[in-house]
Amino acid sequence: MQKKQAKVKVVNNNVENSSYLEKIFHEATNNYKYRWGINKLEIFLKKHPVLTKNVDVLYKLGLLYDHLAIREKNKRQVHEKKAFGLYKKALKYNPDYFRAVWGIGRIWWHRRSKKAIPYAIKAYRLAKKSKPDYGINAQCVGLVYEALDDYKNAEKWLLKGIEIEPKNWGCYLNLVGFYRLTKQFSKSKFYAKKLETLFKKESKEFKKTLWGQKILISIRDADKEPEKKKGG
């Protein structure tokens, strides 16, 4: 049973109690409840239309549609078109919003298209200017190259992410996945140990989510090839 929607006050285009939006977003992404999350956010935006100009909210909604496109193959183009529109709208309000730039890159990445490369690199450079912890943004470039079977550049950018953010377990997770994919199991097991150490610090609640369980499986199966994904 879902908890009652929290009352949120909107002040100067910002959500005073932003924890509600964050809670919905993370509940949706951590448990693959993308349709549920989209419905919640869209209802919220109807009640607070001022937030349709908030780049972070637009990005989050776009990301949920992006994820849903992979889940609902028969409606993939429809969902991707919606995600494109939301990311572009966010960039209309802030052309340097790196998350929305990467959002567009993500869609091309999922299509295994080279068009993802310039978006991933641009997002990385913008992130580098705006925050100190941009290692995961470097790895996004690596993930694009990985999808394009350019493993040399993929490894370079994935390792670069670790150098920038040595305490981000997400960076180690991506490396474990890469080395499993390329059958370099001694390396995948090495980084899985580092991943496990950092991941232990996460809450029990998060570890119980579907996403948390998937991470634990990646650690456990570090010496095995990843399961082949169906479709792109």
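One numbering rule holds for all chains: residues counted from 1, following each sequence as written. Where local features are concerned, this predicted model is filtered to residues with pLDDT of at least 70; where side-chain atom pairs are given and counted, the filter is 80 or more; whole-chain, interface and lining totals use all residues. Side-chain measures here rest on the full set of heavy atoms in the structure, leaving out hydrogens and waters.

### Details of the state of the cysteines
Now for step 1: Throughout, disulfides are identified as pairs of cysteine sulfur atoms within 2.5 Å of each other. Taken as a whole and assessed by the stated rule, the structure comprises zero disulfides.
Now for step 2: The thiol of Cys171 is unpaired, and the distance to the nearest cysteine sulfur, on Cys140, comes to 9.1 Å.
Now for step 3: To sort residues, take the accessible area from a 1.4 Å probe on protein chains only and compare it with the maximum for the residue type: under 20% means buried, over 50% means exposed, and anything in between is partly exposed. Relative accessible area serves as the criterion here: at 0%, Cys171 is assigned to the buried category.

### Considering unusual backbone geometry
Now for step 1: Its identity as a non-glycine residue notwithstanding, Tyr32 has a phi of 60°, on the positive side.
Now for step 2: What counts as a helix is a DSSP run of H or I of at least four residues, what counts as a strand is a run of E of at least two, and both are numbered from the N terminus. Within the fold, Tyr32 resides in the loop between helix H1 (19–30) and helix H2 (34–47).
Now for step 3: The exposure class of Tyr32 is partly exposed, given its relative accessible area of 21%.
Now for step 4: Its identity is not glycine, yet Arg112 carries a phi of approximately 55°, on the positive side.
Now for step 5: For Arg112, the location among the structural elements is in the loop between helix H5 (98–110) and helix H6 (116–130).

### Focus on the pattern of salt bridges
Now for step 1: The term salt bridge refers to a side-chain nitrogen of Lys or Arg lying within 4 Å of a carboxyl oxygen of Asp or Glu. Considering all chains together, one arrives at eleven salt bridges under this definition.
Now for step 2: Glu155 is the salt-bridge partner of Lys187, the closest N and O atoms lying 3.7 Å from each other. On the criterion of sequence distance, the pair formed by Lys187 in helix H10 (residues 185–199) and Glu155 in helix H8 (residues 151–164) is long-range, its members being 32 residues apart.
Now for step 3: By relative accessible area, Lys187 is classed as partly exposed at 35%.
Now for step 4: When its relative accessible area of 21% is taken as the criterion, Glu155 is described as partly exposed.

### Description of H10
Now for step 1: Expected helix span is taken as 1.5 Å per residue step, with the number of steps being one fewer than the number of residues. Helix length check: H10, at 15 residues, gives a terminal C-alpha distance of 20 Å against a target of 21 Å (1.5 Å per residue), a fit within 8%.
Now for step 2: Along H10, the residues that are buried comprise Ser188, Tyr191, Ala192, Leu195, Leu198 and Phe199. Mapping the buried residues of H10 onto a view down its axis gives an arc of 120°, with all of them on the same face. Among the exposed residues of H10, those pointing more than 90 degrees away from its buried face are Ser186 and Lys193.
Now for step 3: Structurally, H10 contributes buried residues whose contacts are with H8, helix H9 (169–181), helix H11 (204–207) and helix H12 (210–220). The arc under discussion is defined with respect to the helix axis, by the directions toward the C-beta atoms. Contact between two residues is taken to exist if any of their heavy atoms lie within 4.5 Å; hydrogens are not considered.

### Considering the packing of H5 against H6
What describes two packed helices is the angle between their axes and the distance between those same axes.
Now for step 1: As a packed pair, H5 and H6 sit with axes 8 Å apart at the nearest point and diverge in direction by 155°. Put simply, H5 runs roughly antiparallel to H6. Crossing geometry of H5 relative to H6 is assigned as left-handed. Contacts from Phe98, Val101, Trp102, Ile104, Gly105, Trp108 and Trp109 in H5 reach Ala116, Tyr119, Ala120, Lys122, Ala123, Leu126, Ala127 and Ser130 in H6.
Now for step 2: Just so you know the grouping, Ala, Val, Leu, Ile, Met, Phe, Trp, Tyr, Cys and Pro go in nonpolar, Asp, Glu, Lys and Arg go in charged, and all remaining residues, Gly too, go in polar. Tallied by class, the residues present in the contact of H5 with H6 amount to twelve nonpolar, two polar and one charged. Fitted lines through C-alpha atoms give the axes, limited to the stretch in contact for helices. The angle between two N-to-C directions lies from 0 to 180 degrees. In this scheme, roughly parallel covers angles under 35 degrees and roughly antiparallel covers those over 145, while 65 to 115 is roughly perpendicular and the rest are oblique. Left-handed describes a crossing whose near helix is turned anticlockwise from the far helix through less than a right angle; right-handed describes the clockwise counterpart.

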